[in-house]
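# Notes for the structure review
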Amino acid sequence: MSLYYTKEHEWLRIEGDSAVVGITRHAANELGELVFAEARPAGTVVKAGETAAVVESVKAASDIYAPVDGEVLDANPAVVDDASRISADPEGEGWIFRFRLSAPEQLSGLMDAAAYTAFLG
Amino acid sequence: MSTESLLHTPLFSLHTALGARMVPFAGYAMPLQYAEGIMAEHRHTRTQAGLFDVSHMGQVRLRARSGAVRDAALALEQLVPADIAGLASGRQRYTQFTNAQGGILDDLMVTRLGDDLLVVINAACKAADIAHMRAHLSDTCTLDVLEDRALLALQGPLAGQVLAALAPAVADMLFMDVRTLDIAGAACVVSRSGYTGEDGFEISVPAAQAEALARTLLAQPGVAPIGLGARDSLRLEAGLCLYGADIDETTTPVEAALEWSIQKSRRAGGVRAGGFPGAEIILAQLSEGTARRRVGLLPEGRAPVRGGAGLFADATLASPVGKVTSGGFGPTVDAPVAMGYVSTALAQPGQAVAAELRGRAVPCTVQALPFVPAGFRRTAG
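Residues numbered from 1 in each chain as written. Chains lettered and ligands numbered in written order. Predicted model: local features only at pLDDT ≥ 70, side-chain atom pairs only at ≥ 80, totals over all residues. Heavy atoms only, no water.

Rules: UniProt positions are given in the numbering used here, feature names are shortened, and annotations may be inferred rather than shown by experiment.
In the annotation of an unreviewed UniProt entry, the entry for chain B reads aminomethyltransferase, and the organism field reads Acetobacter peroxydans. Listed in UniProt under the heading Catalytic activity (unreviewed entry), the comment for chain B reads: "N(6)-[(R)-S(8)-aminomethyldihydrolipoyl]-L-lysyl-[protein] + (6S)-5,6,7,8-tetrahydrofolate = N(6)-[(R)-dihydrolipoyl]-L-lysyl-[protein] + (6R)-5,10-methylene-5,6,7,8-tetrahydrofolate + NH4(+)". What UniProt states about chain B under its Sequence similarities (unreviewed entry) heading is, verbatim, "Belongs to the GcvT family."

An unreviewed UniProt entry lists chain A under the name Glycine cleavage system H protein, from Acetobacter peroxydans. UniProt annotates chain A under Function (unreviewed entry) with the comment "The glycine cleavage system catalyzes the degradation of glycine. The H protein shuttles the methylamine group of glycine from the P protein to the T protein." Of chain A, the UniProt comment under Subunit (unreviewed entry) reads exactly: "The glycine cleavage system is composed of four proteins: P, T, L and H."

Right, here's the structure in full:
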């Protein structure tokens, strides 16, 4: 299944009637080993670009933004339990939160893998 | 700030060659971390030996114009609350430059070595400290900023045997001893001290020989390069203050729980009591106490509580009792750790408080510092 990417280094993958969101491999490499992750409470409605989750390295906390408008459904229990799973497989098993899109047409404003790779330069 | 405008230490090209991620720090391009990452570098230092470049710190030599080192020591005592005149040759002491309000302008290490006093100051405060010393000490002392020397730190339980293999005389040094030693052909000033809570050394080396010495040290078994990221998590677990975070111009040494660094001779009734900026305030605080104290804090759960977070009496977050000044994840503790100031009535180990994190309360327990037992070599054997 293809991924949609943001300029803030999140990715989104559609899974049935919802989506999962994570950080890109590039972002995971930049942040280093993660020690903590949490999503905003289930049911939190966010606009694109608003904080939907937080990951923390030894050094700093980093906000994870909603790629598009929607509602936070839940955090990935595996990464809440052990945030290093994000670093281990950032674009796969290390997804951070499940999300319900309220305006799926906004996906057309995100990048595909080729565009994101070009964006990284 | 672009990296081009930043100052470089003599080890800049070595950092780059080792794959460091360079970041701006106090006007210098410094290694945040190397390929292993902060967590691994932190653990390496606690279990083996880490090599740090701290050449951005200021090294200053004071010499009495009279030729008598006591005159330089007495002059410096006018700026700091520590006993400097009583410092034996070959010994080092931690102290602070204070202001008239008893606040801290910077913290520093002072060494007496023969007729010289050697001072190591923080990079971010270097220019102000040097101006401060010139303004107050120039009548009695000549002041030389040792721009041509790098400063390396070798820290960790293997540091002693690693350095002894290159300079056998370090085997006799105890915590806070200082010696001039030839290491791999370089004329070094070595102190058995550091900023990690581990046994280890800080090595002042001529800039031209710094990279060769660093490469020699890195070639020893068990030695790895360590960046500023792990330096911060190591000092936090060790309960050591970061200037600008845990101490600053608004915190006194007594509020900061640094009164151990004010010797009896400088306290009320001592042979050279007071005589430093803010002495009336600081000496009164030593006898009467302060309204707030720096403490260690163990947040519950896994979420790091960082500098700036408010501290409250309980989870309602209704009654403020202080503020976190540094915090993060402690790789050796394997949990979040923090330091901050709380009302003195709450400054007892075991006291429960709450920190505000993203709008909610995180229960925290006041904890005696350090979080990790110190590995200093205080006695021979």
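That was the structure; now back to the text.
### Quick look at the overall build of chain A
We apply this condition: The secondary structure listing takes helices from DSSP runs of H or I that are at least 4 residues long and strands from runs of E that are at least 2 residues long, numbered from the N terminus. Computation of the radius of gyration draws on C-alpha atoms alone. For the globule rule, the value is 2.2 Å times the number of residues to the power 0.38. Accessible area is worked out with a 1.4 Å probe on protein chains only. A residue is then buried under 20% of its type maximum, exposed over 50%, and partly exposed in between. Whether two residues touch is decided by their heavy atoms; if any such pair falls within 4.5 Å, the residues are in contact. With residues, only the protein chains shown are counted as cover, and all accessible areas are computed by Shrake-Rupley using a 1.4 Å probe. Positive residues here are Lys and Arg, negative ones are Asp and Glu, while His and the chain termini are left out of the count. Lysine's charge is taken at NZ, arginine's at CZ, aspartate's at CG and glutamate's at CD.
A tally of regular secondary structure across chain A gives 4 helices and 9 strands. Traced from its N-terminal end to its C-terminal end, chain A shows the element sequence β-β-β-α-β-β-β-β-β-α-α-β-α. Rg of the C-alpha trace for chain A: 13 Å, near the compact-globule value of 14 Å for 121 residues, within the 12% margin. Judged by the C-alpha coordinates and their principal axes, chain A covers about 35 × 35 × 25 Å. Within chain A, the fraction of its 121 residues that count as buried is 47%. Partitioning the intrachain contacts of chain A with sequence separation of at least 6 by distance along the chain shows that 57% fall at a separation of at least 24. Of the roughly 5600 Å² that chain A leaves accessible, carbon and sulfur atoms contribute 50%. Counting 9 positive and 20 negative side-chain charges, chain A places the averaged centre of each group 1 Å from the other.

### Here's the deal with the packing of aromatic side chains
All names here are of chain B. Put simply, the test is: By convention, a stacked pair of Phe, Tyr or Trp rings (six-membered ring in the case of Trp) has centres within 6.5 Å and planes under 30 degrees apart, an edge-to-face pair has planes over 60 apart, and any other such pair is tilted. Sitting over a ring, as applied to charges here, requires NZ of Lys or CZ of Arg to be within 6 Å of the ring centre and within 35 degrees of the ring normal.
A full pass over the atoms with the stated rule returns 5 aromatic pairs over all chains. For the ring pair F175 and F376, a centre distance of 4.1 Å and an interplane angle of 10° mean the geometry is stacked. Of this pair, F175 sits in the loop between α5 (159–166) and β10 (178–183) while F376 sits in the segment after β19 (360–367), and the two are 201 residues apart along the sequence. Its guanidinium or amino end placed over the ring of Y341, R292 lies 4.7 Å from that ring's centre, counting from NZ or CZ.

### Quick notes on the environment of E249 of chain B
Residue and element names in this part refer to chain B. Relative to the assigned elements, E249 resides in the loop between α7 (228–237) and α8 (279–288). On the basis of relative accessibility, which here comes to 47%, the residue E249 falls in the partly exposed class. E249 sits 147 residues away from G102 along the chain, and the two C-alpha atoms are 8.0 Å apart. If near-sequence neighbours (up to four positions away) are discounted, E249 is found in contact with N99, G103, I104, L105 and Y243.

### A short note on the interface of chain A and chain B
We count it as follows: Put simply, buried area is the surface a 1.4 Å probe can reach on two separate parts but cannot reach once they are joined, added for both. Counted as salt bridges are all cases of a side-chain nitrogen of Lys or Arg within 4 Å of a carboxyl oxygen of Asp or Glu. Any pair of N or O atoms that falls within 3.5 Å is considered a polar contact. Within protein, one atom must be able to donate a hydrogen and the other to accept it, and sequence-neighbouring residues count only if both atoms are side-chain atoms. Residue polarity is assigned by list, with Asp, Glu, Lys and Arg as charged and Ala, Val, Leu, Ile, Met, Phe, Trp, Tyr, Cys and Pro as nonpolar; anything else, Gly included, falls into the polar class.
Contacts between the two partners involve 13 residues from chain A and, on the opposite side, 16 residues from chain B. Across the chain A/chain B interface, buried area totals approximately 1300 Å², and carbon plus sulfur atoms make up 51% of it. Summed over the three residues of chain A that lose the most area to chain B, namely V35, V58 and K59 of chain A, the buried surface amounts to 45% of that side. On inspection of chain A and its partner chain B, the count reaches 5 salt bridges. Put simply, E38 of chain A and R358 of chain B hold a salt bridge, and the shortest N to O gap is 2.9 Å. For the interface between chain A and chain B, the tally reads 10 residue pairs in polar contact (both at pLDDT 80 or more). The set of elements that each furnish at least two residues to the side of chain A that touches chain B consists of α1 (25–31), β4 (34–39) and β6 (51–57) of chain A. Taken together, the residues of the side of chain A that touches chain B break down into 6 nonpolar, 2 polar and 5 charged.

### Quick word on the nonpolar core
Where a protein is soluble and globular, its nonpolar side chains tend to be buried together. All names here are of chain B. Applicable threshold: Residues belong to a common nonpolar core when they are buried Ala, Val, Leu, Ile, Met, Phe, Trp, Tyr or Cys residues joined through side-chain atoms within 4.5 Å. Throughout the structure description, domain borders are defined by an automatic or database domain assignment.
I247, L258, L297, L311, V324 and V353 are the most contacted members of the largest nonpolar core, which has 45 residues in total. Looking at which domains feed residues into this core, each of domain 1 (11–54 + 148–238) and domain 2 (291–380) gives three or more. With residues near it in sequence (within four places) discarded, I247 still touches Y94, I104, D107, C241, L242, A256, L258 and Y341. Of all hydrophobic cores here, the second largest spans 27 residues; its members include A159, C188, V190 and A210.

### A short note on the sheet that holds strand β7 (residues 61–65) of chain A
Residues and elements named next belong to chain A. The condition is simple: In this analysis, strands are considered paired if DSSP registers two or more bridges between them. Convention adopted: a line fitted to C-alpha atoms gives each axis, helices being fitted over their contacting stretch, and angles between N-to-C directions are expressed from 0 to 180 degrees.
Spatial strand order, β4-β6-β7: 3 strands in an open sheet with antiparallel pairing. Pairing within the sheet leaves two strands with one partner each, and these edge strands are β4 and β7. Going across the sheet, the axis of each strand differs from the next one's by a mean of 20°, ignoring polarity. Here β6 runs beside β7; their pairing, made up of 5 bridges, is antiparallel. Residue pairing for β7: V54 is matched across the bridge by D63.

### Here's the deal with the UniProt feature "domain: Aminomethyltransferase C-terminal" (unreviewed entry) in chain B
UniProt records the feature "domain: Aminomethyltransferase C-terminal" (unreviewed entry) for residues 292–372 of chain B in the present numbering. Across residues 292–372 of chain B one finds 0% helix and 56% strand; the C-alpha atoms that close the span lie 24 Å apart.

### Quick look at the UniProt feature "binding site: substrate" (unreviewed entry) in chain B
Residues and elements named next belong to chain B. Here the UniProt-annotated "binding site: substrate" (unreviewed entry) positions come out as E202. With respect to the element layout, E202 can be found in strand β12 (residues 200–206). Relative accessible area serves as the criterion here: at 10%, E202 is assigned to the buried category. When neighbours within four sequence positions are excluded, E202 is seen to be in contact with L151, L152, A153, V189, V190, S191, S193, G194 and Y195.

### Some points on the sheet that holds strand β9 (residues 149–155) of chain B
Residues and elements named next belong to chain B. With mixed pairing, the 6 strands of this open sheet are ordered in space as β10-β11-β12-β9-β3-β13. Only two strands of the sheet have a single neighbouring strand rather than two, namely β10 and β13 (223–225). Within the sheet, the average angular offset between the axes of one strand and its neighbour, ignoring direction, is 30°. Taken together, the 6 bridges between β10 and strand β11 (residues 186–191) define a ladder with antiparallel strand orientation. The residue bridging R179 from the neighbouring strand is V190, located in β11. Packed on one face of the sheet, helix α2 (residues 38–47) meets β3 (49–53), β9 and β13 and runs near 120° to β3.

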